[in-house]
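Residue-level structural notes
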Amino acid sequence: MTSSFFRYSKPRVLQALRYHFITRREIKIMMILVNVFAIIAATLYFFNKVTAYAFLGSSFLWFSLMISFWYVLPNIIYRKSSTFKDQLRVSLEPQHIFIENDRGSRTWPWKAFSTMMESPYFFHLYFDSRSFFIIPKDAFEKNEINEVRKLLKEKINSKAENQNSYQKKLSE
């Protein structure tokens, strides 16, 4: 199954990068801790147990965290990656995934990917927890999206499930 040539849409890529950051476990934990800290600071300020500076400090921390994960980090990654500016085509084949642009091509066997995640506009194909490749859904015909989803789940997520079950058997 081969996509048409596509270019990434900056607003959609930024949304996909935000989605990636927000779904990371360590970032979720950090956001929860900062929110709890901000709630505690607001409560203590309300009961006059801390000064306004403590409340303002926690509010500043909360706003800084949200701005960095929502705007700064996605924009930095978008600007640094030349992939988002290229015109690409993706071929999903039985043994591998093939990606090409004007400068060349690259092939990865399905086993190179650890997991697959779907966001509103993209399929996220993860090599590991930090490196991934995104394929826009609109690169394929509308009637092919379910077929692409099925293939990706079959080739990537089933592999991850098999590895997890194998690791469980080893630990028993």
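This text goes with the structure placed above it.
From a predicted model like this one, the values you see are computed outputs, not experimental measurements. (Residues numbered from 1 in each chain as written. Predicted model: local features only at pLDDT ≥ 70, side-chain atom pairs only at ≥ 80, totals over all residues. Heavy atoms only, no water.)

This next bit is on the sheet that holds strand β4 (residues 104–109). Here we have four strands laid out as an open sheet, ordered β1-β2-β3-β4, and antiparallel in their pairing. Each end of this open sheet is capped by a strand with a single partner; those strands are β1 (6–7) and β4. In terms of strand pairing, strand β2 (residues 87–92) meets strand β3 (residues 96–101) through four bridges, oriented antiparallel. Counterpart to Arg89 in the pairing with β3 is Glu100. (Pairing = 2+ DSSP bridges. Helix = DSSP H or I, 4+ residues; strand = E, 2+ residues; numbered from the N terminus.)

Our focus in this paragraph is the nonpolar core. Soluble globular proteins: nonpolar side chains tend toward being buried together. Grouped together as the largest cluster of nonpolar side chains are 36 residues, with contacts concentrated most on Tyr8, Leu92, Ile97 and Leu152. Contributing elements (two or more residues each) for this core: α1 (10–23), α2 (25–46), α3 (52–80), β2, β3, β6 (122–126), β7 (132–136) and α4 (145–171). Dropping the residues within four chain positions of it, Tyr8 is found in contact with Val13, Thr83, Phe84, Leu88, Phe122, Phe133, Ile134 and Pro136. (Core = buried A, V, L, I, M, F, W, Y, C linked by side-chain atoms within 4.5 Å. Buried < 20%, exposed > 50% of the residue type's maximum accessible area, 1.4 Å probe, protein only. Contact = heavy atoms within 4.5 Å.)

Evaluated as defined, the whole model comprises 14 aromatic pairs. When the centroid spacing of 5.3 Å and the interplanar angle of 10° are considered together, the rings of Tyr45 and Phe55 count as stacked. Here Tyr45 is found in helix α2, whereas its partner Phe55 is found in helix α3, with 10 residues between them in sequence. For Phe55, a relative accessible area of 27% puts it in the partly exposed group. Here a set of aromatic residues connected by ring pairs shows up, and it is made of Phe6, Tyr8, Tyr78, Phe84 and Phe122. Over the ring of Tyr78 we find Lys85; its NZ or CZ atom is 4.7 Å from the centre of that ring. One residue, Lys137, lies across the ring of Phe123, its end atom 5.5 Å from the ring centre. (Phe/Tyr/Trp six-rings, centres within 6.5 Å; stacked < 30°, edge-to-face > 60°. Lys NZ or Arg CZ within 6 Å of the ring centre and 35° of its normal.)

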